[in-house]
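Structural overview
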Amino acid sequence: MKYLVLLVVLAVAIGIWRSRRVPDDAAPRPSSPSSPSPRALPQDMLACAHCGVHIPQAEAVMRGDQAYCCTEHRQLGPA
Ligand SMILES: [Zn+2]
């Protein structure tokens with residue numbers, strides 16, 4: 001009986017240890033060194049129609065099919 005209790009305690013301890021260990025291994029693992037985040041992917045660069053500065057497509061201010069670096073240049077229009 002004494003050994004049975006010891007065995008149960010040991011089994012529970014191993015169960016807790018394993019359930020704690022698995023997420024620790026999974027969580028901090030870097031997904032992939034080649035692509036750390038979606039933001040690091042190459043973005044399409046657009047030239048401002050007013051001043052010609054290149055901005056990422058996500059940050060460009062669009063008017064029709066023309067891109068601008070800021071709302072000020074969008075209001076000023078193409079140079
Ligand atoms: Zn501009």
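Up top you'll find the structure we're talking about.
A few points on the structure. (Residues numbered from 1 in each chain as written. Predicted model: local features only at pLDDT ≥ 70, side-chain atom pairs only at ≥ 80, totals over all residues. Heavy atoms only, no water.)

**A word on the overall build of the protein**
When helices and strands are tallied, the protein shows 2 helices and 4 strands. A total of 79 residues make up the protein; the buried ones form 11% of that total. Just so you have it, the protein exposes about 6800 Å², and 61% of that area is on carbon and sulfur atoms. (Helix = DSSP H or I, 4+ residues; strand = E, 2+ residues; numbered from the N terminus. Buried < 20%, exposed > 50% of the residue type's maximum accessible area, 1.4 Å probe, protein only. Areas by Shrake-Rupley, 256 points an atom, 1.4 Å probe, with all protein chains shown as cover.)

**Considering the coordination of the zinc ion**
Surrounding the zinc ion are the protein donor atoms Cys48 (SG), Cys51 (SG), Cys69 (SG) and His73 (ND1), at 1.9 to 2.4 Å. Around the zinc ion, the 4 donor atoms are arranged such that angles at the metal cover 95 to 121 degrees; this shape is classified as tetrahedral. If you list the donors of the zinc ion from N- to C-terminus, the spacing comes out as C-x2-C-x17-C-x3-H. Here His73 lies in helix H2 (residues 71-76) and Cys51 lies in the loop between strand E1 (45-47) and strand E2 (54-56), a separation of 22 residues in the sequence. With relative accessibility at 42%, the residue Cys51 sits in the partly exposed group. Here His73 falls in the buried class, since its relative accessible area comes to 16%. (Donors = N, O, S within 2.8 Å, 3.2 Å for Na, K, Ca; no water. Tetrahedral: all angles 85-135°; square planar, octahedral: opposite > 155°, others 65-115°.)

**Focus: the state of the cysteines**
On inspection of all chains with the given rule, the structure shows 0 disulfides. Here Cys70 stays free of any disulfide, with the sulfur of Cys69 as its closest cysteine sulfur at 3.7 Å. For Cys70, a relative accessible area of 25% gives the class partly exposed. (Disulfide = S-S within 2.5 Å.)

**Comments concerning the environment of Ser19**
Note that Ser19 resides in helix H1 (residues 2-26). The partly exposed category is assigned to Ser19, whose relative accessible area is 48%. Side-chain polar atoms of Ser19 contact the backbone oxygen of Ile16, separated by 3.0 Å. (Polar contact = N/O pair within 3.5 Å; in protein donor to acceptor, adjacent residues only side chain to side chain.)

**Comments concerning a nonpolar patch on the surface**
A cluster of nonpolar residues, Met1, Leu4, Val5, Leu7, Val8, Val9, Val12 and Ile16, forms a patch on the protein surface that exposes about 810 Å² of accessible area. Inspection of the secondary structure assignment puts Leu4 in helix H1. (Patch = residues over 30% accessible without salt bridge, like charges linked within 9 Å, V, L, I, M, F, W, Y side chains within 5 Å. Salt bridge = Lys/Arg side-chain N within 4 Å of Asp/Glu carboxyl O.)

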